[in-house]
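# Architecture and fold: a report
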Amino acid sequence: MTESVHPKIAAILRRIGELPASREITDDQSLQDDLGIDSLKLIDVVVNVEEELGVALDDDVVPRLVTVGDIDRYVAELAGN
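Calculation rules
Residues numbered from 1 in each chain as written. Predicted model: local features only at pLDDT ≥ 70, side-chain atom pairs only at ≥ 80, totals over all residues. Heavy atoms only, no water. Salt bridge = Lys/Arg side-chain N within 4 Å of Asp/Glu carboxyl O. Helix = DSSP H or I, 4+ residues; strand = E, 2+ residues; numbered from the N terminus. Buried < 20%, exposed > 50% of the residue type's maximum accessible area, 1.4 Å probe, protein only. Contact = heavy atoms within 4.5 Å.

So, about the pattern of salt bridges. For the coordinates displayed, the defined rule picks out two salt bridges. Notably, a salt bridge pairs E52 with R15, separated by 2.5 Å at the nearest N-O pair. Remark: R15 occurs in helix α1 (residues 6–16) and E52 occurs in helix α2 (residues 39–53); sequence separation between them is 37 residues. The closest approach of N and O atoms between D70 and R73, which form a salt bridge, is 3.1 Å. Of the two residues, D70 and R73 are both situated in helix α3 (residues 68–79); the distance of three residues between them amounts to about one turn of the helix. Given a relative accessible area of 41%, R73 falls into the partly exposed group.

And the structure:
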């Protein structure tokens, strides 16, 4: 289900988190603890996901997006995948 959105989300996380291209991004990684995506960077991630993937993330859901997999699943659901 999330295979189609994961590479795009991983690329956004690498760019916003200033992570090397070689850094593996997996569903179980914590946005904050493993990738250094704090609340301000998460806003940038959300804006980029919305723009690049053409979805609108609900402001009430965003605080519950804790892992990469949370974002993958939510965006895939919104995209109808």
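In this fold, V68 is placed in helix α3. Given the relative accessible area of 0%, V68 is considered buried. Between the alpha carbons of V68 and D34 there is a distance of 9.9 Å; along the sequence they are 34 residues apart. Other than its neighbours up to four places away in sequence, V68 contacts H6, L13, I25, T26, D27, Q29, L31 and L35.

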